[in-house]
Amino acid sequence: FQTLYTKNNKATKELEKAHYARIVTIPDQNTKDTIVEEYYLSNNALKLQGKVTDIFATKFKGKKYELFENGNLKSEVMYSNHSEQIDTAFYYHNNGKIKSILYYPYKIDRKGKYKIDEPLYLAYVDSTGKILLKNGNGFAVEVADNSYTYEEGNYVNHKKEGEWRGHFNGKRYTFVETFIAGK
């Protein structure tokens, strides 16, 4: 089935307001996975592709790919069968250059349950290719998908350290926090 969404990720029935379409393919007897794909309506380019565990296409499993409207890869993220982010995640700038690499350490117990530790920031690179953070040490900028939340500061041994600045709720609120070893 297909659903239209606005640029703000709100479902709409009005084609004029729609920015992208989400298509959820229900598995038949030959396939076990429900597939979700999203396409930009402006150019029919792929926006997102992945496998999901729910009919609403909110719980991913396996690899999930997101792309910018220009066709460049935006992110490549791995999820467990329980929709928990695991393994290595790659994020890219709009120009196609790598932006950040995070590792989500995990273990699977004997019952098949995942234990996931805090993510490790392996690299952060600006849009020109300059490395600002390497192996958990250096400067990073974190922007939430909706661009309403932004924060920047330094990492030392994969933990936030010192002064971090940012804003949220569309720049309505700003903040300054001080961290020592991530706390």
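Fair warning: this is a prediction, and the values are worked out from it, not measured in the lab. (Residues numbered from 1 in each chain as written. Predicted model: local features only at pLDDT ≥ 70, side-chain atom pairs only at ≥ 80, totals over all residues. Heavy atoms only, no water.)

Glancing now at the pattern of salt bridges. For the structure shown, the criterion picks out ten salt bridges. Residue Lys 17 is joined to Glu 14 by a salt bridge in which the shortest nitrogen-to-oxygen separation is 3.6 Å. By sharing partners, the salt bridges in this structure join Arg 22, Glu 38 and Lys 47 into a single network. (Salt bridge = Lys/Arg side-chain N within 4 Å of Asp/Glu carboxyl O.)

Let's shift gears to the packing of aromatic side chains. According to the stated counting rule, one finds eight aromatic pairs in the structure shown. A ring pair is formed by Trp 164 and Phe 179, whose centres lie 6.4 Å apart and whose planes are at 75°; its orientation type is edge-to-face. Taken together, the residues span a long stretch of sequence, with Trp 164 in strand S16 (residues 159-168) and Phe 179 in strand S17 (residues 173-179) at a distance of 15 residues. One exposure class covers both Trp 164 and Phe 179, and it is buried. Measuring from ring centre to ring centre gives 6.1 Å for Phe 168 and Phe 175, while their planes differ by 40°; the resulting arrangement is tilted. (Phe/Tyr/Trp six-rings, centres within 6.5 Å; stacked < 30°, edge-to-face > 60°. Helix = DSSP H or I, 4+ residues; strand = E, 2+ residues; numbered from the N terminus. Buried < 20%, exposed > 50% of the residue type's maximum accessible area, 1.4 Å probe, protein only.)

Its location among the elements puts Gln 85 in strand S8 (residues 85-92). Within the structure, the side chain of Gln 85 is placed 3.1 Å from the side chain of Tyr 91, a separation counted as a polar contact. Side chain to side chain, Gln 85 and Tyr 104 meet in a polar contact 3.4 Å long. Setting aside chain neighbours within four positions, we find Gln 85 in contact with Val 77, Met 78, Tyr 79, Tyr 91, Tyr 104 and Ile 116. (Polar contact = N/O pair within 3.5 Å; in protein donor to acceptor, adjacent residues only side chain to side chain. Contact = heavy atoms within 4.5 Å.)

These figures come from the coordinates and say nothing about function on their own.
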